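One letter stands for each residue in the lines below.
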Amino acid sequence: MLQLTNLSNYYSDGEFVHHNAECLQAFLNHYHLDGLEMIFVEPWDEHIYKKQWIQGVHLRFWPCWLDFWRGNRPALLREFGSDDQIRVCFGGVTRDAWLDLYRRNIRLAVRAGAKYLVFHVSNARSPELFSWKFSASDGEVIEAAIEIINEIADVIPPETTLLFENLWWPGLTLRNPELTEKLLTGVKPRNVGIMLDTGHLMNTNLHLATETQGVDYILQTLRELEPYDRYVKGIHLHRSLSSVYVRKSRNFPLKDKYTPQDVMSHVLKIDEHLPFTTPEVRRIIEYVQPDYLVHEFVQASLNDWVQKIVCQQQALRMGTVYS
């Protein structure tokens, strides 16, 4: 098992390591990390983010894309406001233009040496994030995601593993074995699997109050997923216990329009991305035995990032068991 952490090449994230490969190498070495799962949002600087460290790449994702794929122009205009904003978001106004963005992102990931790619399977319009009344079902999102993957399958090398990540919005939630099977077997690439996001899965249960309850719920869900639990090849490890906020937010008055700042603030209060502190979390690792364990956090600063990694490693006792 490789122990990784997440990083993007946003300029602000690069400041954590002073945009310097030696600093990044020292960081990885000091915290016993085998490499990175990258998100590429800017051109790849291979002199900073060296190929030898990049084990995986989280592909670009769009929280609200199903209306674009279906050509639902009225819904798109309600969501984005104008054709110009639609064009900015999707790289054009046609399916082909958007698919080209995906293909370029995949080609960059492959060139950077990624052993695996992460693909979000989820969709929700901005107002739905607050109302929790969704216009699309899990099945509809998964069917459309299969269509997209099959359109871009030609640029995914057979040796590169495609991992589907679960979320708590409509799509792949891992709560439905039949739909999970449909996704895994319906795409053209055969080298596929699941990137289990533990925090996202915890967000599907509003009755969790402790980390131990979260661990129990995750393991219960995996057992109910059999035999498709064996497809879990990676874990985004973090915890989320936001049910109090979620229940409260469902009573907030709805707005006619939500800004990106509204959405981001709301999502981060649901999806906490905090480290596990209980040794019980080791039960997840022992059950899954993943190829990749990613300490996935939202880093506010270098110190914040370090504290979260160290906290979770202590819970796992990674130094004596897995390094």
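Residues numbered from 1 in each chain as written. Predicted model: local features only at pLDDT ≥ 70, side-chain atom pairs only at ≥ 80, totals over all residues. Heavy atoms only, no water.

**Student:** With reference to specific residues and values, describe the pattern of salt bridges.
**Tutor:** A full pass over the atoms with the stated rule returns 14 salt bridges. In this structure, Arg 87 engages Asp 84 in a salt bridge whose closest nitrogen and oxygen atoms are separated by 3.1 Å. Taken together, the positions of Arg 87 and Asp 84, both in helix H5 (residues 83-90) and three residues apart, correspond to about one turn of that helix. Residue classification places Asp 84 among the exposed positions, given a relative accessible area of 51%. In this structure, the salt-bridge partner of Lys 255 is Asp 262, at a minimum N-O distance of 3.4 Å. (Salt bridge = Lys/Arg side-chain N within 4 Å of Asp/Glu carboxyl O. Helix = DSSP H or I, 4+ residues; strand = E, 2+ residues; numbered from the N terminus. Buried < 20%, exposed > 50% of the residue type's maximum accessible area, 1.4 Å probe, protein only.)

**Student:** Could you give an account of the pairing of strand E5 (residues 161-165), naming the residues involved and the relevant values?
**Tutor:** For E5, a buried count of five out of five residues is recorded, marking the element as mostly surrounded by other parts of the structure. Burial along E5 is two-sided: Thr 161, Leu 163 and Glu 165 facing one way and Leu 162 and Phe 164 facing the other are all buried. With four bridges connecting them, E5 and strand E6 (residues 192-197) associate as parallel partners. In the strand pairing of E6, Leu 163 is matched with Gly 193. For the handedness criterion, the β-α-β arrangement of E5, helix H9 (residues 177-186) and E6 is classed as right-handed. (Pairing = 2+ DSSP bridges. Right-handed = clockwise from strand over helix to strand, strands pointing away.)

**Student:** So what's going on with the packing of aromatic side chains? Residues and values would help.
**Tutor:** What describes a pair of aromatic rings is the distance from one ring centre to the other and the angle between the planes of the rings. Under the criterion given, the structure shown has 22 aromatic pairs. Ring centres of Tyr 102 and Phe 119 lie 5.5 Å apart, and the angle between their planes is 25 degrees; this geometry places the pair in the stacked category. One end of the pair, Tyr 102, is in helix H6 (residues 95-111); the other, Phe 119, is in strand E4 (residues 116-120), with 17 residues separating them in the sequence. The pair Tyr 102 / Phe 119 is uniform in exposure class, with both members buried. Ring pairs connect the aromatic residues Trp 62, Trp 65, Phe 68, Trp 69, Phe 80, Phe 90, Trp 98, Tyr 102, Phe 119 and Phe 164, which therefore count as one cluster. The ring of Trp 69 has Arg 95 sitting right over it, with the charged end atom 3.8 Å from the ring centre. Its guanidinium or amino end placed over the ring of Trp 132, Arg 250 lies 4.6 Å from that ring's centre, counting from NZ or CZ. (Phe/Tyr/Trp six-rings, centres within 6.5 Å; stacked < 30°, edge-to-face > 60°. Lys NZ or Arg CZ within 6 Å of the ring centre and 35° of its normal.)

**Student:** So what's going on with helix H13 (residues 260-270)? Which residues, and what values?
**Tutor:** When we look at burial in H13, the residues that qualify are Val 263, His 266, Val 267 and Ile 270. The arc enclosing the buried residues of H13, seen along the axis, measures out at 95 degrees, which places them on a common side. Where H13 is buried, its residues touch helix H7 (126-131) and helix H12 (243-249). (Arc of directions from axis to C-beta. Contact = heavy atoms within 4.5 Å.)

**Student:** So what's going on with the environment of Ala 112? Which residues, and what values?
**Tutor:** Counting through the fold element by element, Ala 112 comes out in the loop between H6 and E4. A sequence separation of 62 residues divides Ala 112 from Lys 50, and the C-alpha atoms of the two residues are 7.9 Å apart. Sequence-distant contacts of Ala 112, defined by excluding residues within four places in its chain, comprise Phe 40, Trp 44, Lys 51 and Ile 54.

**Student:** Describe the side chain of His 120, and please don't skip the residues or the numbers.
**Tutor:** Mapped onto the secondary structure, His 120 falls in strand E4. On the basis of relative accessibility, which here comes to 14%, the residue His 120 falls in the buried class. A polar contact is formed between the side chain of His 120 and the side chain of His 58, at a distance of 3.2 Å. A distance of 3.1 Å separates a polar atom in the side chain of His 120 from a polar atom in the side chain of Glu 165. His 120 has contacts with His 58, Phe 61, Glu 165 and Leu 167, leaving out every residue within four places of it along the chain. (Polar contact = N/O pair within 3.5 Å; in protein donor to acceptor, adjacent residues only side chain to side chain.)

**Student:** Can you explain a negative patch on the surface? Please cite residues and give values.
**Tutor:** The grouping of Asp 96, Glu 147, Glu 151 and Asp 154 at the surface amounts to a negative patch. In this fold, Glu 147 is placed in helix H8 (residues 138-152). Judged by its relative accessible area of 40%, Glu 147 is partly exposed. (Patch = residues over 30% accessible without salt bridge, like charges linked within 9 Å, V, L, I, M, F, W, Y side chains within 5 Å. Areas by Shrake-Rupley, 256 points an atom, 1.4 Å probe, with all protein chains shown as cover. Lys, Arg positive; Asp, Glu negative; His and termini not counted. Charge placed at Lys NZ, Arg CZ, Asp CG, Glu CD.)

Any functional reading would require information that these geometric values do not contain.
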